Amino acid sequence: MNKIYDMIIIGAGPAGLTAGIYGGRAKLNTLIIEKSIPGGQITVTNEVVNYPGIIETTGAKYAENLKQQALNFGVEFLSDEVIDLDLSNDIKIIKTKSNEYHAFTVVIATGATPRKVGFIGEKEYEGRGVAYCATCDGEFFTDMDVFVIGAGYAAAEEAIFLTKFARKVTIIAREPEFTCAKSIADKVLTHPKIEVKFNTEILEISGDFLPRSAKFKNNCTGEITEYQASTDETFGTFVFIGYAPQSQLFKGKVEIDEAGFIPTDKNLMSDVNGVFVAGDIRPKNLRQIVTAVADGAEVAYNIEKYLEHLKKN
């Protein structure tokens, strides 16, 4: 008979790795399955400076430390892709490309990725000028120019937040007006440090190691304009056009909301007994390392209690 794990974690971002650390430390037989590099999105972040107790590190180093901690507590790692699941019974079945695994509980920690625009240079300068989180990266652009891409609530809110650091914030919106509430739109439009360019899209970012110039197109007039950073200076481009939750695999298996996120109860359990959810794949207001690791710790604690009850019965 196949080994039955206490907990199988799908996804090795900060939430999944932390669940593994806490599960391993609680002597739960734990397996983490990750199809890519452990660490998730954090691995492309050059600097982590806002995590409590860590003055400064890189995303890659932070992820490496998390993985090593999990290994130290006996957690198993598998580099493979989950292709199907059967969550209908007390013992869950996880099917990967190469094998099948059984567990009493499953943690879905596949995360949510910021939606990309697709302009030239977006991928090349991610983490070096192109960002998707103002709280994480706004400080790096203190006294510099910043562009915000988007016309919704997040773009408007984050643009205001970025004025705490940036010399000037320019919002680039393909839409003819904001798509958020008028109250927040009015705050943006009257803010002395924010300029808004509607009917406009970003075409390209270029430079050397850091961005030095950007091109924009007015979709009404067809005019193309170019921004050039001052000598020896760079600029920031923050993209806020929504998140894409990585929940496709779980459709029909657990409840998924209209936006593609997986709702949970107070114990971070989905609508299926024994299936827990941690990190950015859950509906939440703040998507940061600190909230991801909090989810991971809480999930492992709740699973420990769930298993005690399950095995008694």
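Just above sits the structure.
Quick summary incoming for the structure in this document.

Cut-off values and rules
- Residues numbered from 1 in each chain as written.
- Predicted model: local features only at pLDDT ≥ 70, side-chain atom pairs only at ≥ 80, totals over all residues.
- Heavy atoms only, no water.
- Helix = DSSP H or I, 4+ residues; strand = E, 2+ residues; numbered from the N terminus.
- Rg over C-alpha atoms; globule rule 2.2 N^0.38 Å.
- Buried < 20%, exposed > 50% of the residue type's maximum accessible area, 1.4 Å probe, protein only.
- Contact = heavy atoms within 4.5 Å.
- Areas by Shrake-Rupley, 256 points an atom, 1.4 Å probe, with all protein chains shown as cover.
- Lys, Arg positive; Asp, Glu negative; His and termini not counted.
- Charge placed at Lys NZ, Arg CZ, Asp CG, Glu CD.
- Pairing = 2+ DSSP bridges.
- Axes fitted to C-alpha atoms, helices over the stretch in contact; angles between N-to-C directions.

Examining the overall build of the protein chain
- When you go through the protein chain residue by residue, the secondary structure sums to six helices and 17 strands.
- Compactness check: the protein chain gives a C-alpha radius of gyration of 22 Å against a globular reference of 20 Å for 313 residues, within 12% of the reference.
- Seen through its C-alpha atoms, the protein chain measures out along the principal axes to roughly 65 × 35 × 35 Å.
- Burial analysis of the protein chain (313 residues in total) assigns 48% to the buried set.
- Taking contacts inside the protein chain between residues at least 6 apart in sequence as the whole, the part at least 24 apart equals 58%.
- A total accessible area of about 15400 Å² is found for the protein chain, and carbon and sulfur atoms account for 49% of it.
- Counting 33 positive and 42 negative side-chain charges, the protein chain places the centres of these two groups 3 Å from one another.

Some points on the sheet that holds strand β13 (residues 211-218)
- Read from one edge to the other, the open sheet built from three strands follows the order β12-β13-β14, with strand pairing classed as antiparallel. Where the open sheet ends on each side, the last strands, each with one partner, are β12 (200-207) and β14 (224-228). Within the sheet, the average angular offset between the axes of one strand and its neighbour, ignoring direction, is 20 degrees.
- With five bridges connecting them, β13 and β14 associate as antiparallel partners. Residue pairing across strands places F216 opposite T225, the latter belonging to β14.

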